[in-house]
Amino acid sequence: MERIVTSSSQSSLLTTHKVLRNTYFLLGLTLAFSAVTATASTMLALPAPGLILMLVGFYGLMFLTYRLANSPMGILAAFAFTGFLGYCLGPILSSFLTAGMGGVIALALGGTALVLLCCSAYVLTTRRDMSFLGGMMMAGFVVLLVAVIANLFLQLPALHLAISALFILFSAGAILWETSNIIHGGETNYIRATVSLYVSLYNMFISLLSILGFSRSN
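All values derive from a computational prediction rather than experimental measurement.

Visitor: Any chance you could explain the nonpolar core here in plain terms?
Guide: A general trend in soluble globular proteins is that nonpolar side chains are found buried together. Among the nonpolar cores identified, the biggest contains 46 residues, and Phe81, Leu85, Leu93, Ile175, Phe205 and Leu209 are the most heavily contacted of them. Those elements that provide at least two residues to this core are helix 1 (2-43), helix 2 (51-67), helix 3 (73-98), helix 4 (102-126), helix 5 (133-154), helix 6 (157-183) and helix 7 (190-217). A total of 12 residues in this core trace back to one element, the largest contributor, which is helix 7. Dropping the residues within four chain positions of it, Phe205 is found in contact with Leu89, Leu93, Ile105, Ala108, Leu109 and Thr112.

Structure follows, in structure tokens:
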């Protein structure tokens, strides 16, 4: 009986390691592909998509990726999703480069990478269960949603900065939660895990750009 339990435990551990390894491998590939599409969008001075197109592309491709996550087509959908967001990032980067803020882009990129490294290392080293963050994440999402909608009408710089800061905290919490979810067997699909981590990194990078760009412009 003990041998059966031990065998089952080892099998579960191997599955978890496989999901974790595949997640970070695919995350690296999608980040590289997103960087290529963002660079192409910046160099070709492609126009920024409108709000409607961006929302349709974002949620449509995300839904498609999650729908196909259990098949090989899910990988292609993940690349389509991250490539589209890379294209959307191009016009933003162009505006920063035009304003002579290339250093801000580098700082935001470095800060995002540092947060990913620290959050992932913390969970992987301590193996702490971060599932308790689930309720706070949901509450934070509601607060952010209300704040974003409100600022569409108010257009307050201070509120915009506060939203960016909250997005950074929310994204860091999402990285902790998702990494913990993987190593404790809550997430067994590396495509879904990759998309979740990618969105957190994307939001964090945009938010850091916003805060650093605002401080530099002042």
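Visitor: It is not clear to me how the side chain of Thr30 should be interpreted in this structure. Could you clarify?
Guide: In this structure, Thr30 sits in helix 1. For Thr30, a relative accessible area of 1% gives the class buried. The residues contacting Thr30, other than those within four sequence positions of it, are Ala78, Phe79, Thr82, Thr194 and Tyr198.

Visitor: Can you walk me through the environment of Arg127 in this structure?
Guide: By the secondary structure assignment, Arg127 is in the loop between helix 4 and helix 5. Arg127 gets classed as partly exposed once you look at its relative accessible area, which sits at 39%. Taking the C-alpha atoms as reference points, Arg127 and Thr179, separated by 52 residues in sequence, lie 9.4 Å from one another.

Visitor: Quick question: what am I supposed to make of the environment of Ile92 here?
Guide: Assignment of secondary structure puts Ile92 in helix 3. Separated by 120 residues in sequence, Ile92 and Leu212 place their C-alpha atoms 13 Å apart. Beyond its immediate stretch of four places on either side in the chain, Ile92 contacts Ile206 and Leu209.

Visitor: Looking at this structure, how should I read the packing of helix 2 against helix 3?
Guide: The geometry of a pair of packed helices is captured by two quantities: the angle between their axes and the separation between those axes. The geometry of helix 2 relative to helix 3 is characterised by a closest axis approach of 8 Å and an angle of 160° between their N-to-C directions. It follows that helix 2 is roughly antiparallel to helix 3 by the angle criterion. Along this stretch, helix 2 crosses helix 3, giving a crossing that reads as left-handed. Only Gly74, Ala77, Ala78, Ala80, Phe81, Phe84, Leu85 and Cys88 of helix 3 make contact with helix 2, whose side of the interface consists of Leu53, Met54, Gly57, Phe58, Leu61, Met62, Leu64 and Thr65. A breakdown of the residues in the contact of helix 2 with helix 3 according to their chemical character gives 13 nonpolar, 3 polar and no charged.

Visitor: I tried to follow the layout of surface pockets on my own but got confused; where do I start?
Guide: Leftover empty space is mapped by rolling, across the atoms, a probe with the size of a water molecule. As a volume, the second largest pocket reaches approximately 450 Å³. Residue lining of the second largest pocket: 20 residues in total, with Leu31, Ala35, Leu89, Leu109 and Phe205 positioned closest to the centre. Put simply, the parts of the chain that give the lining of the second largest pocket at least two residues each are helix 1, helix 3, helix 4 and helix 7. Looking at the lining of the second largest pocket, the element that brings in the most residues is helix 1, giving 7 residues. In terms of residue class, the lining of the second largest pocket is made up of 15 nonpolar, 5 polar and no charged.

What counts, and at which threshold
Residues numbered from 1 in each chain as written. Predicted model: local features only at pLDDT ≥ 70, side-chain atom pairs only at ≥ 80, totals over all residues. Heavy atoms only, no water. Core = buried A, V, L, I, M, F, W, Y, C linked by side-chain atoms within 4.5 Å. Buried < 20%, exposed > 50% of the residue type's maximum accessible area, 1.4 Å probe, protein only. Helix = DSSP H or I, 4+ residues; strand = E, 2+ residues; numbered from the N terminus. Contact = heavy atoms within 4.5 Å. Axes fitted to C-alpha atoms, helices over the stretch in contact; angles between N-to-C directions. Parallel < 35°, antiparallel > 145°, perpendicular 65-115°, else oblique. Left-handed = near helix turned anticlockwise from the far one by under 90°. Nonpolar A, V, L, I, M, F, W, Y, C, P; charged D, E, K, R; others polar. 1 Å grid on protein atoms, 1.4 Å probe; cavity = no way out; pocket = protein on both sides within 12 Å on 5 of 7 lines; lining within 4 Å. Points joined across faces, edges and corners; volume = space filled by probe spheres on them.

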